Amino acid sequence: MKPVIYGLSGPSLTADERAFFAAAEPAGYILFKRNTVDRAQVRALTDELRSLAGRDDLPILIDQEGGRVARMGPPEWPAFPAAAAFDALYDTAPMSAIEAVRSNAHALGLMLAEVGITVDCTPLLDRRFPETTAAIGDRAFGGDAMQVAALGRATLEGLARAGVVGVIKHMPGHGRAVVDSHHELPVVNADDTALEEDIRPFRTLAVSAPMGMTCHVVFKAWDPDHPATLSPTVIHDVIRGRIGFDGLLMTDDIDMKALSGTAGEKAAAAIAAGCDIVLDCWGRMDEMVDIADRLGDIAPESRARLDRAMASVSRPDGDFGELIAKRDELLALA
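Being a predicted model, the structure only gives us computed values, none of them experimental.

(A) Highlighting the overall build of the chain. Helix and strand content of the chain: 12 helices and 13 strands. Over its C-alpha atoms the chain spans a radius of gyration of 19 Å, differing by no more than 12% from the 20 Å that the globule rule assigns to 334 residues. Each principal axis of the C-alpha distribution contributes one length, and for the chain these read about 55 × 50 × 30 Å. When burial is assessed residue by residue, the chain has 58% of its 334 residues classed as buried. Once local pairs closer than 6 in sequence are excluded, the contacts in the chain between residues at least 24 apart make up 78%. If you sum the accessible surface of the chain, you get close to 12,700 Å²; carbon and sulfur atoms cover 52% of it. Each charge class in the chain can be summarised by its mean position, and for the 33 positive and 50 negative side chains these summaries are 2 Å apart.

Rendered as structure tokens:
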């Protein structure tokens, strides 16, 4: 098995993809809007991916946060609110906000589980500041570390009840970045004392989160020469050490312009730095081949973390309509 999660080019596998994936044996796959047409199509796609891999526990991921980050949407699937809606409710009624988030994530997870998606790349545990890049913006649960952790925990709990694994991101914190890492490399100048508060939500959920995702951000106080994804210091000393995270650690999309080099070079550097899995989202065959050629087999400890995360997936349970109604009733209090 290769330590990479690949994207797909369209709503069904091409012959080239089928042959390549069978040979490369990636750890999993991630779906985007281009891969999701309707329920029957997505279910057929996820079934084929599992059949091709010969693994019922194959992780199939999606970025389905709510708000503007939603790969599955109307008219086939309902829209879900962005994290900022729960931030607003928390100001009025913290316990109601926590329960609303839990019901929202539970319903969202049921929607994903219905079509065979078992991992959702949410929640964000990034603190939001006035200067935070709009790329994060309303996707964050707020600026207070305790609030972010509480709403993040409720998200993980709701997804788990639906049989879906959540991914905490973007470790060790994207909130102080003022530029979008999709397009350029953010550099954070905050000192270690300030950054200690930023890692609090991640530390609070480190034990309960089966999966986490890095950020492509330079933290000058920790490693002025490498973004977190490519930094042995940040991964080993901060994420594994100070935060105490021992779950499966995947990169943010390796194709983002914050990182330089070929797809294969970036993937190899991320694994060498200590990431368990590389996330390659775009389904470009030449880049996928380059990554597969550069990477060896997944490390035993990384495979153990992957297996442990997927073993946490349970049978979906809950009533979708009741959960949505409960969430909406609580959000009306904001």
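We are not done yet, so read on.
(B) Looking closely at unusual backbone geometry. Between Lys-169 and the following residue, His-170, the backbone shows a cis peptide bond with an omega angle of 0°. The omega angle of the peptide bond from Met-171 to Pro-172 is 5°, so this bond is cis rather than trans. Inspection of the secondary structure assignment puts Pro-172 in the loop between β7 (165-171) and β8 (187-188). We note that Glu-25 has phi near 50°; this positive angle belongs to a residue other than glycine. Along the polypeptide, Glu-25 turns up in the loop between α1 (15-24) and β2 (26-31).

(C) Spotlight on the sheet that holds strand β11 (residues 223-227). With mixed pairing, the 3 strands of this open sheet are ordered in space as β8-β10-β11. Either end of the sheet is taken by a strand with one partner, and the two such strands are β8 and β11. Bridge count between strand β10 (residues 218-219) and β11: 2 bridges; the pairing is antiparallel. What sits directly across from Val-218, in β11, is Pro-227.

(D) How the structure looks around the environment of Met-1. Among the structural elements, Met-1 can be located in the segment before β1 (2-7). A relative accessible area of 16% places Met-1 in the buried class. Through-space distance from the C-alpha of Met-1 to that of Glu-25 is 4.9 Å; in sequence the pair is 24 residues apart. Contacts of Met-1, omitting those with residues within four sequence positions, involve Glu-25, Pro-26, Ala-27, Arg-55, Gly-296, Asp-297, Ile-298, Arg-303 and Leu-306.

Cut-offs used in this document
- Residues numbered from 1 in each chain as written.
- Predicted model: local features only at pLDDT ≥ 70, side-chain atom pairs only at ≥ 80, totals over all residues.
- Heavy atoms only, no water.
- Helix = DSSP H or I, 4+ residues; strand = E, 2+ residues; numbered from the N terminus.
- Rg over C-alpha atoms; globule rule 2.2 N^0.38 Å.
- Buried < 20%, exposed > 50% of the residue type's maximum accessible area, 1.4 Å probe, protein only.
- Contact = heavy atoms within 4.5 Å.
- Areas by Shrake-Rupley, 256 points an atom, 1.4 Å probe, with all protein chains shown as cover.
- Lys, Arg positive; Asp, Glu negative; His and termini not counted.
- Charge placed at Lys NZ, Arg CZ, Asp CG, Glu CD.
- Pairing = 2+ DSSP bridges.

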